[in-house]
Structures are given as C-alpha cells and as structure tokens.
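# Per-entry structural report
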Amino acid sequence: MQRITAFVSAAMLTTGMVAAPAAMAQQEDPAASGAGQTQQGAAAQNFSDEQLQQFADASQEIAEVSQEYTQKLQNAEDESAQQDLRQEANEEMVSVVEDSGMSVEDFNAIGQAIQQDPELMQRVQGMVQEQQ
C-alpha cells in the first residue's frame, strides 16, 4: 500500500513533467535498492529506448488521470470520500503502467534514474514531446 501511495505522489509530480520540463517523477526505488550499487551510477545506461518510450507514454496517461482525480478530490465531501478517491486513483495509475507493458517497479526505477540524470530526463522529455 505504501508503494502505491508513493506512486500516486510521483504521478502528481509527473504531471509537472508533461507541463514543465524541469519537473519529473519522484519515486521510491525498490528495484534499484535491491540490485546493488552498480545500478546507482549506471542507471541511465540500463534502460532501453523501448522502456523509456513506455515510461513516457505511461507518464502522459498518468498525468491525465492525476488531473482528473485532483479535480475530484477538490470536490469530495469529506475525508472518507477523499480516501476512496485516492485508492481509486492509485488503482487506475497502476493499471496505466501495467497496460503500458511495464511493471510499477520498472516505472519507479526509471523515475528515480531520471531525477539523477539530466541527460536521461531530456531523452524522456523528447519522447513525450514527439507524442504531442
């Protein structure tokens, strides 16, 4: 459950990536933390163009889901309704990632790598811009 909550937070930040190139997903990275220290320094080299394109595509869809649910959350009647909406948004965002062909862990790993590698961020932003 905590991973999904972090995922939603990242998705909210991903909306900024689509709208403003300086912002990007901020994630926990369970995959990299278990993979050892070599992935830290060479994270950008480990992702194929296909994976990065999947990430870019999923990020755009997550941005749309995020915008939709942000509006719903603002109109929610009480905390219970907000909690239900957050859970619904979590599930929809996870589905978006999985439907793109990625695991949530891979999506999170790319999001983490993009934070640490400006060149990788530029590559993904270029892929997003090509889709628009």
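Attention here is on the structure that accompanies the text. All figures in this text were calculated on a predicted structure; none of them were measured in a lab. (Residues numbered from 1 in each chain as written. Predicted model: local features only at pLDDT ≥ 70, side-chain atom pairs only at ≥ 80, totals over all residues. Heavy atoms only, no water.)

### Things to note about the overall build of the chain
Put simply, the rule is: Counting from the N terminus, the helices are the DSSP runs of H or I reaching at least four residues and the strands are the DSSP runs of E reaching at least two. Classification of residues uses two cut-offs on accessible area relative to the type maximum, computed with a 1.4 Å probe and protein chains only: under 20% is buried, over 50% is exposed, and between them is partly exposed. Only the protein chains shown count as cover for residues, with accessible areas throughout obtained via the Shrake-Rupley method and a probe of 1.4 Å.
The helix and strand inventory of the chain stands at seven helices and zero strands. Secondary structure elements of the chain occur, N-terminal to C-terminal, as α-α-α-α-α-α-α. Considering the chain as a whole, with its 132 residues, one finds that 42% of them fall into the buried category. Carbon and sulfur atoms form 44% of the exposed surface of the chain, whose accessible area is close to 7,200 Å².

### Considering the packing of aromatic side chains
Heads up, the condition is: Ring geometry is summarised as follows: Phe, Tyr and Trp rings, the Trp one being its six-membered ring, pair when their centres sit within 6.5 Å, and such pairs are stacked at plane angles under 30 degrees, edge-to-face over 60 and tilted between the two. Cation placement over rings: the criterion is NZ of Lys or CZ of Arg within 6 Å of the ring centroid and within 35° of the ring normal.
Evaluation of the coordinates by the stated rule reveals one aromatic pair. Over the aromatic face of Tyr69 sits the side chain of Lys72, whose NZ or CZ is 4.6 Å from the ring centroid.

### As for the environment of Gln51
For the record, the criterion: Contact definition: two residues touch when any of their heavy atoms are within 4.5 Å. N or O atoms closer than or at 3.5 Å make up a polar contact, with two conditions inside protein: a donor-capable atom paired with an acceptor-capable one, and, for residues adjacent in sequence, both atoms drawn from side chains.
Tracing the sequence through the fold places Gln51 in helix H4 (residues 49-74). C-alpha separation for the pair Gln51 and Phe107, spaced 56 residues apart in sequence, amounts to 8.7 Å. If sequence neighbours within four positions are ignored, Gln51 has contacts with Asn46, Met102 and Ile110. Looking at Gln51, its side chain comes within polar contact range of the main-chain nitrogen of Ser48, at 2.9 Å.

### What to know about the packing of H4 against helix H5 (residues 79-99)
Filter applied, for reference: The axes used here are C-alpha line fits, helices contributing only the stretch in contact, and every angle between their N-to-C directions lies in the interval 0 to 180 degrees. Angle categories are assigned with fixed cut-offs, so that under 35 degrees is roughly parallel, over 145 is roughly antiparallel, 65 to 115 is roughly perpendicular, and the rest are oblique. Each residue gets one of three labels, nonpolar for Ala, Val, Leu, Ile, Met, Phe, Trp, Tyr, Cys and Pro, charged for Asp, Glu, Lys and Arg, and polar for the others, Gly among them.
Following both chains from N to C, one finds H4 and H5 inclined at 170°, their axes separated by 10 Å at the closest point. It follows that H4 is roughly antiparallel to H5 by the angle criterion. Contact residues: Ala58, Glu61, Ile62, Val65, Ser66, Glu68, Tyr69, Lys72 and Leu73 in H4; Gln82, Leu85, Arg86, Glu88, Ala89, Glu92, Met93, Val96 and Val97 in H5. Partitioning the contact of H4 with H5 into residue classes produces 10 nonpolar, two polar and six charged.

### Observations concerning the pattern of salt bridges
The cut-off we apply is this: We define a salt bridge as a side-chain nitrogen of Lys or Arg found within 4 Å of a carboxyl oxygen belonging to Asp or Glu.
Evaluation of the coordinates by the stated rule reveals three salt bridges. Of the charged contacts, one joins Asp49 and Arg123 as a salt bridge, the two residues approaching to 2.3 Å between their closest N and O atoms. Taken together, the positions of Asp49 in helix H4 and Arg123 in helix H7 (residues 118-131) put the pair 74 residues apart, joining distant regions of the chain. Among the salt bridges present, the one from Arg86 reaches Glu79, with a minimum N-O distance of 3.4 Å.

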